[in-house]
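# Survey of secondary and tertiary structure
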Amino acid sequence: VKRHDVPKAVVSTQSTGEPIAMKVNEHIVVHYLHTSDAGGSILTHGFGAFFGLGLTLGLGIKAKNIPEENRQTSYVADSFALVGSIVLWMFWPSFNGSLLYDDATVQQRVVVNTYLAICASCVTALVTSHMVHGKLDILEVQNATLAGGVSIGMSCSYNVDPWVPVLIGGLAGILSSVGYGKIAGCMESVGAMDSAGATQLHGIPGVFGALAAAIVVVATTNNQYFAADTVWTEMDDNTNGKQFGMIIASIIVTVAISFITGILNGLLIRIPVCGTVPNKMLIDEMPFFEKEEETPVYNTSIA
């Protein structure tokens, strides 16, 4: 078996297993636990992060076994990544509001709440990064500044005062920045590998956003929130406390299903059907791309 077949096995297994598990989890959360998550705080961001974390554990990939030079980025790569961060920042409201296309009023609320949250996360992430490192860390500037968009996903359609999304986004920026600065190192020390920092940008802010939405629900007097295709009201035998419990149950179910199925996918990929990749090659993609030989350039100008 060729060594090049290994990434194909990983991609094909993950691309088949993850969407199926994700759809099963979404069906349970939406139709049985009646939890609305328009922006995908846990259904998209949280699920993907913890599935990936479980996958690396199932694969047995440990950061200490990968050469440090393969895990470092370059100045050019970081600069281009900042362009991607700006694009994501600009268009994040369209992601959170894409499922609410039939109500212009709710869409406007989603846009305002999302921008308030993501602006707050920019400020708090940069301040936290400077406090933790003594200067701005480029990885946190690229990612933690977007944490507000992740955390406000579940509550982006809620009719709340402006300070609520500002508070949620601001706290998410702090959590994400601390995650990159402190928690990432702790994860690697126990053998968890997260090369893209998905746990810090998507996992932690996603779960925090769902918890924040549950607190908003139980603290408010307005009991009308979107759940699946139905607006929950007192006539539906729903109370604030019941909806709070449903959201908490949704968080537990999502984390459990994503993490367990991720581990199972990793163990499945480890079955010796294809060849293996040496540890030093796990993040080195150059062997899988054809690279033309560089032709020397001669100076043909006449003095």
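This one's a predicted model, so the numbers in the text were calculated from it and none came from an experiment.

## Describing the state of the cysteines
Here the structure, examined in full by the defined rule, presents zero disulfides. Cys119 takes part in no disulfide bond, and the closest cysteine sulfur to it belongs to Cys122, at a distance of 6.4 Å. Overall, the relative accessible area of 37% leaves Cys119 in the partly exposed class.

## Digging into the packing of aromatic side chains
Inspection of every chain in the model, using the stated rule, returns three aromatic pairs. Here Phe47 and Phe51 contribute two aromatic rings whose centre-to-centre distance is 6.2 Å and whose plane-to-plane angle is 15 degrees, an arrangement assigned as stacked. Here Phe47 and its partner Phe51 are both found in helix H2 (residues 41-59), four residues apart, which amounts to about one turn of the helix. Aromatic side chains Trp89 and Tyr115 sit 5.4 Å apart centroid to centroid with 40 degrees between the ring planes, which places their arrangement in the tilted category. Of this pair, Trp89 sits in helix H3 (residues 75-96) while Tyr115 sits in helix H4 (residues 104-133); the two residues are 26 residues apart in sequence, bridging distant segments of the chain.

## Some remarks on the packing of H2 against helix H8 (residues 198-219)
Across the interface, H2 lies against H8 with an axial gap of 8 Å and an inter-helix angle of 135 degrees. In terms of orientation, H2 lies oblique with respect to H8. The handedness of the crossing between H2 and H8 is left-handed. Touching Ser41, Ile42, His45, Gly46, Ala49, Phe50 and Leu53 of H2 are Ala198, Thr199, His202, Gly203, Gly206, Val207 and Ala210, all from H8. In the contact of H2 with H8, the residues fall into seven nonpolar, seven polar and no charged.

Definitions and limits used
Residues numbered from 1 in each chain as written. Predicted model: local features only at pLDDT ≥ 70, side-chain atom pairs only at ≥ 80, totals over all residues. Heavy atoms only, no water. Disulfide = S-S within 2.5 Å. Buried < 20%, exposed > 50% of the residue type's maximum accessible area, 1.4 Å probe, protein only. Phe/Tyr/Trp six-rings, centres within 6.5 Å; stacked < 30°, edge-to-face > 60°. Helix = DSSP H or I, 4+ residues; strand = E, 2+ residues; numbered from the N terminus. Axes fitted to C-alpha atoms, helices over the stretch in contact; angles between N-to-C directions. Parallel < 35°, antiparallel > 145°, perpendicular 65-115°, else oblique. Left-handed = near helix turned anticlockwise from the far one by under 90°. Contact = heavy atoms within 4.5 Å. Nonpolar A, V, L, I, M, F, W, Y, C, P; charged D, E, K, R; others polar.

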